[in-house]
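Examining the three-dimensional arrangement
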Amino acid sequence: MANKLDSKIPSGSIEDKWTKSKFDYKLVNPANKRKHSIIVVGTGLAGASAAASLGELGYKVKAFCVHESPRRAHSVAAQGGINAAKNYQNDGDSTYRLFYDTVKGGDFRAREANVYRLAEVSANIIDQMVAQGVPFAREYGGTLANRSFGGAQVSRTFYARGQTGQQLLLGAYSEMMRQVDAGTVELRTRREMLDLVIVDGKARGIIVRNLITGEIESHEADAVVIASGGYSNVFFLSTNAMACAVTAAWKAHKRGAYFANPCYTQIHPTCIPVHGENQSKLTLMSESLRNDGRVWVPKAVGDKRHPNDIPENERDYYLERVYPSFGNLAPRDVASRQAKYRCDEGRGVNESGKAVYLDFADSIKRLGEDKISERYGNLFEMYEKITGQNPYKQPMMIYPAPHYTMGGLWVDYNLESTIPGLFVAGEANFSDHGANRLGASALMQGLADGYFVLPYTLGNYLGSTKLEKVSITNDAFKAAEHGVKQEISKLMNIKGNRTVDSFHKELGNIMWEYCGMGRNEEGLKKALQEIPKLREEFWQNVRIPGDANYLNVELEKAGRVADFMELGELMCRDALERKESCGGHFREEYQVDGEAKRDDANFCHVAAWEYTGENKASVRHTEELKFENVHLATRSYK
Amino acid sequence: MAGKTLNLTLRVWRQKGPKDQGGFVDLQAKNVSEDASFLEMLDAVNEELVSKGDEPIAFDHDCREGICGACGFVIDGEAHGPMKSTTVCQLHMRNFTDGATLTIEPFRAQAFPVIKDLMVNRSAMDRIISAGGYISQNAGNAVDANAILVPKADADEAMSSATCIQCGACVAACKNASAALFTSAKISHMALLPQGQVERKERALRMVAAMDAEGFGACTTTGACEAACPKDIQLTNISRMNREFLVANATKREKHSDGGAG
């Protein structure tokens, strides 16, 4: 089969590519726009902003989410901030520098053209969000405030206390609700996408389950946008919300959309450590804390003294020691690995030995408790509620946890997948972050895709593609509906002995152990034996009480875990094939002094997997990455 | 952080669906870690129910970080439980005593019909937002963000109102099931910012009308909402909403038809 990976990167200089594209794209005249319908799956930053802007343009949009309200999408939980190359601080920022930092931060595994466009529209994102009432932090004179974030040496991060994601999502959500009121966006909440419908080789609709009534519904459209977020919940314990799943993207993958770089998962360095067996998820402490917090462990192995009793000269501020120029602001993958090393050396704190300190004592001395509380108050309160300890009086304890997934459905420059008419936005696609995501860039990408990229590229698709009329009575819809119903009845009829969560936890342990912060050939091969066994047991022994014809939480979870099992296997295969270390993918065999050792000669490419059928091996395709502007170099933060 | 464990009796509201009568059922929660959150305690109870082939207790929850606003029910008569400024997902078991009996029931309000057990339908709040909880700003051509200065005090106060997570605890805590705190927080957020001025009056009129149309009760300023709010949304927002509404109502102009030039 021919390789479908045509990245469609426009010609010309990196600075002109997007401008030129916007001119070259086909237009749809305003009177014709309302004749086109578009489905948007997911209503986080990418989905809500896409639905809002497409609705504004006049298209008929149907937006779907699993939540009871679109404003609950997990974008809501992002704390620290959003980057933009505004150079308001006069510290030397520019579109090019944001582009440069992001390409380098992604360990040269992102596509240059996409990243440049992201940096280019970043300034518009801030303008747009401020204009729609997002209350970003301000200086006394009324101008916007900025702070710095991991992986950057300039202050380009805009923030709204410790709830930037919440405020940005409220902005995008309210713009979408404006379109709901205007009648251009039709909102369907508590719906889960369970299949993608393809007619004549093009994405023409979706099958969803109404989570309240259990009803299976078909919805047709001229194009489909998937903006359903990331898949960190494959690890069971992660910072993702409970409903975050790979299901929508995975079903599209099974219908022919390639899945790119699944092994690139981000392990965030500052999470509250695991406390016990019954823990359901991990809570992130914003990376912005590393602006004023200093990370350390005791110098002596097994030093169990109270942190306040350990004198200064017996502490190892290891990030400042190892990375003097970035210090506590080293990028996430680097900071996470360093925490792991310290714990592996036996210098971890907490009863489990799996934690390091994040200490604010110096900053409180320098700036006063009031200033620290103004900057991070809600995070400190959250920490105290969860752990019962007061971080103003003693250092926080933190440990890395799965947080964000840089892999996702493969898309070209237009955010179109390998299925014509299927577009993918935000965390659900793979495109902009490479092997590691720098702080404050996920919110930027979600909004860039939804507000500033899709409105153009989707228009181009609709303006240049001949689309026959389809209706949900078409055979393709009937067949997909039938398949979905069969899978549900198969799950309901297993009537086994084990709960869905017990399978999910076991899968999560395998993934964390063998495909987590460090991976090696032996472990990955072991995981590739264990996951199929677990999957087989799942399909014979899972227990789902109740029935499928009304709200059934266990059934919802079972469908998601079934997809995580298949994805988990693909992640391990991808990790095994990528015989190099880069960003969040750290193969233990490939390192120099504990730092990731990339292999540009053999792996300077995107790996995109093609699904070939049940119990058949997926096929690996590659898209070569060319670095014409930021030259391939070893990442160093020293 | 492995600490003590607790044994609790839970009197839980079970209701199969919106038309079902519903009632309390006693369940035991054994060996609960004091480090577990309230929802993790319920997860453990649910695992046991599922293992026995029974249906788990349905409750809404998602981020479990106190920010998405999905979770929320009433524990011993208090929305989100006994801790001040805390969502139920951030309520930890170390705040309860061993051997206690806890009564758990859904948020109750005419505008929030029960879906199942502790899960209610709060989409009325989305409809209030779509009636005017936005600034009409099309994507793509906004002016530079620093072109309009916003005094820090105003930005901070707008931010404080904007922290509402739309959980509905204010409605559940109110004897009239009023949504005034929620609606007023959104009206305040936008009325305090320069960007929100153009639509300020229309917004107040439309959102208040939508709130009434959804069947929420009237505000009698008892302050129960403020006390139950996990995000410390202040009662002053309601005063501001009332003022915004009165001014808008008093100065309302007749609508003209929108005919354009030829």
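Residues numbered from 1 in each chain as written. Chains lettered and ligands numbered in written order. Predicted model: local features only at pLDDT ≥ 70, side-chain atom pairs only at ≥ 80, totals over all residues. Heavy atoms only, no water.

- In the annotation of an unreviewed UniProt entry, chain B is listed under the name Fumarate reductase and assigned to Bdellovibrio bacteriovorus.
- Taken verbatim from the UniProt record of chain B, the Sequence similarities (unreviewed entry) comment is "Belongs to the succinate dehydrogenase/fumarate reductase iron-sulfur protein family." (UniProt positions renumbered as here; feature names shortened; annotations may be inferred.)

- Per an unreviewed UniProt entry, chain A is named succinate dehydrogenase, and its organism is Bdellovibrio bacteriovorus.
- The UniProt entry for chain A carries the following comment under Subcellular location (unreviewed entry): "Cell membrane".

1. Side note on the packing of helix α5 (residues 180-191) of chain B against helix α6 (residues 200-213) of chain B
Residues and elements named next belong to chain B.
- The interhelical angle for the contact between α5 and α6, taken along N-to-C directions, is 170°, at an axis separation of 11 Å. By the angle class used here, α5 and α6 are roughly antiparallel. Taking contact as the criterion, the partners of Ala180, Thr183, Lys186, Ile187, Met190 and Ala191 in α5 are, on α6, Arg200, Arg203, Ala204, Met207, Val208 and Met211.
- Along the lines of polarity and charge, the residues of the contact of α5 with α6 split into eight nonpolar, one polar and three charged. (Axes fitted to C-alpha atoms, helices over the stretch in contact; angles between N-to-C directions. Helix = DSSP H or I, 4+ residues; strand = E, 2+ residues; numbered from the N terminus. Parallel < 35°, antiparallel > 145°, perpendicular 65-115°, else oblique. Contact = heavy atoms within 4.5 Å. Nonpolar A, V, L, I, M, F, W, Y, C, P; charged D, E, K, R; others polar.)

2. Details of the packing of aromatic side chains
All names here are of chain A.
- With the rule as written, the count across this model stands at 29 aromatic pairs over all chains.
- On the basis of an interplanar angle of 15° and a centroid distance of 6.5 Å, the ring pair of Trp410 and Phe430 is categorised as stacked. Here Trp410, found in the loop between β16 (408-409) and β17 (422-424), pairs with Phe430, found in the loop between β17 and α12 (442-464); they are 20 residues apart in sequence, far enough to count as distant. An identical accessibility class is assigned to Trp410 and Phe430; each is buried.
- Put simply, the rings of Trp18, Tyr25, Tyr413 and Tyr456 touch in pairs and so form one group of aromatic residues.
- When the ring centre of Tyr637 is taken as reference, the NZ or CZ atom of Lys104 above it lies at 4.6 Å.
- The ring of Phe503 is capped by Arg498, whose NZ or CZ atom sits 4.1 Å from the centre of that ring. (Phe/Tyr/Trp six-rings, centres within 6.5 Å; stacked < 30°, edge-to-face > 60°. Buried < 20%, exposed > 50% of the residue type's maximum accessible area, 1.4 Å probe, protein only. Lys NZ or Arg CZ within 6 Å of the ring centre and 35° of its normal.)

3. Some words on the domain arrangement of chain A
Residue and element names in this part refer to chain A.
- Looking at chain A, the domain boundaries give domain 1 (268-402) and domain 2 (475-624).
- Around 830 Å² of area is buried between domain 1 and domain 2 when both sides are counted, 56% of it from carbon and sulfur atoms.
- When the area that domain 1 buries against domain 2 is broken down by residue, the three leading residues are Arg337, Lys340 and Tyr341, summing to 50%.
- Across the contact surface, domain 1 and domain 2 share three residue pairs in polar contact (both at pLDDT 80 or more).
- Looking at the side of domain 1 that touches domain 2, the elements with two or more residues in it are α9 (332-344) and β15 (396-405).
- Sorting elements by how many residues they give to the side of domain 1 that touches domain 2 places α9 first, with six residues.
- Each residue belonging to the side of domain 1 that touches domain 2 can be placed in one class, and the counts come to five nonpolar, three polar and four charged. (Domains from an automatic or database assignment. Buried area = accessible area lost by both parts, 1.4 Å probe. Polar contact = N/O pair within 3.5 Å; in protein donor to acceptor, adjacent residues only side chain to side chain.)

4. A closer look at the environment of Glu220(A)
Residue and element names in this part refer to chain A.
- Examined against the element boundaries, Glu220 turns out to sit in strand β8 (residues 216-220).
- Counting along the chain gives 158 residues from Glu220 to Lys62, while the straight-line C-alpha distance between them is 9.6 Å.
- With sequence-adjacent residues up to four places away left out, Glu220 is seen in contact with Ser37, Ile39, Arg204, Gly205, Val470, Ile472 and Phe477.

5. Quick word on the interface of chain A and chain B
- Counting from both sides, the interface comprises 77 residues of chain A and, opposite them, 75 residues of chain B.
- Summed over both partners, the interface of chain A with chain B buries about 6500 Å², with 52% contributed by carbon and sulfur atoms.
- Counting across the chain A and chain B interface gives six salt bridges.
- Close ionic contact of Glu374(A) with Lys152(B) constitutes a salt bridge, the shortest N to O distance being 3.5 Å.
- Across the chain A-chain B interface, the total number found is 46 residue pairs in polar contact (both at pLDDT 80 or more).
- For the side of chain A that touches chain B, the elements supplying multiple residues, two or more each, are α3 (45-57), α5 (112-131), α6 (164-182), α11 (369-387), α12 and α14 (500-515) of chain A.
- Counted by class, the side of chain A that touches chain B contains 29 nonpolar, 27 polar and 21 charged residues. (Salt bridge = Lys/Arg side-chain N within 4 Å of Asp/Glu carboxyl O.)

6. Focus on empty space enclosed by the protein
- Here the structure, examined in full by the defined rule, presents 14 cavities of 30 Å³ or more.
- Estimates place the volume of the second largest cavity at around 130 Å³.
- For the second largest cavity, the lining is made up of 15 residues, of which Lys281(A), Thr283(A), Ile386(A), Glu40(B) and His92(B) are closest to its centre.
- Of the residues belonging to the lining of the second largest cavity, the class tally is five nonpolar, seven polar and three charged. (1 Å grid on protein atoms, 1.4 Å probe; cavity = no way out; pocket = protein on both sides within 12 Å on 5 of 7 lines; lining within 4 Å. Points joined across faces, edges and corners; volume = space filled by probe spheres on them.)

7. Some remarks on helix α1 (residues 17-24) of chain A
Residue and element names in this part refer to chain A.
- Residues of α1 that are buried include every one of Lys17, Trp18 and Ser21, and no others. Mapping the buried residues of α1 onto a view down its axis gives an arc of 90°, with all of them on the same face.
- Where α1 is buried, its residues contact α5 and α12. (Arc of directions from axis to C-beta.)

8. Section: the sheet that holds strand β5 (residues 101-105) of chain B
Residue and element names in this part refer to chain B.
- One open sheet accounts for five strands, arranged β2-β1-β5-β3-β4; its pairing is mixed. In the strand order of this sheet, the two ends are held by β2 (23-33) and β4 (78-79), each with one partner.
- Examined bridge by bridge, strand β3 (residues 74-75) and β5 share two bridges and lie antiparallel to one another. Along β5, the bridge assignment pairs Val74 with Glu105.
- Those strands touched by helix α1 (residues 38-51) are β1 (5-14), β2, β3 and β5, and its axis lies near 105° from that of β2. (Pairing = 2+ DSSP bridges.)

9. Re the pattern of salt bridges
Residue and element names in this part refer to chain A.
- Under the defined criterion, the tally for this structure stands at 73 salt bridges over all chains.
- In this structure, Arg178 and Glu56 form a salt bridge, with 3.5 Å as the shortest nitrogen-oxygen distance. Within this pair, whereas Arg178 is found in helix α6, its partner Glu56 is found in helix α3, the two being separated by 122 residues in sequence.
- Take Arg178: its relative accessible area is 11%, and that puts it in the buried class.
- We note a salt bridge from Arg347 to Asp316, for which the minimum N-O separation is 3.2 Å. You can see Arg347 sitting in the loop between α9 and β14 (356-359) and its partner Asp316 sitting in strand β13 (residues 315-316), a full 31 residues away along the chain.
- The buried category is assigned to Asp316, whose relative accessible area is 5%.
- Through salt bridges with shared partners, a single ionic network connects Asp107, Arg109, Asp333, Arg337, Arg578, Glu580, Arg598, Asp600 and Arg635.

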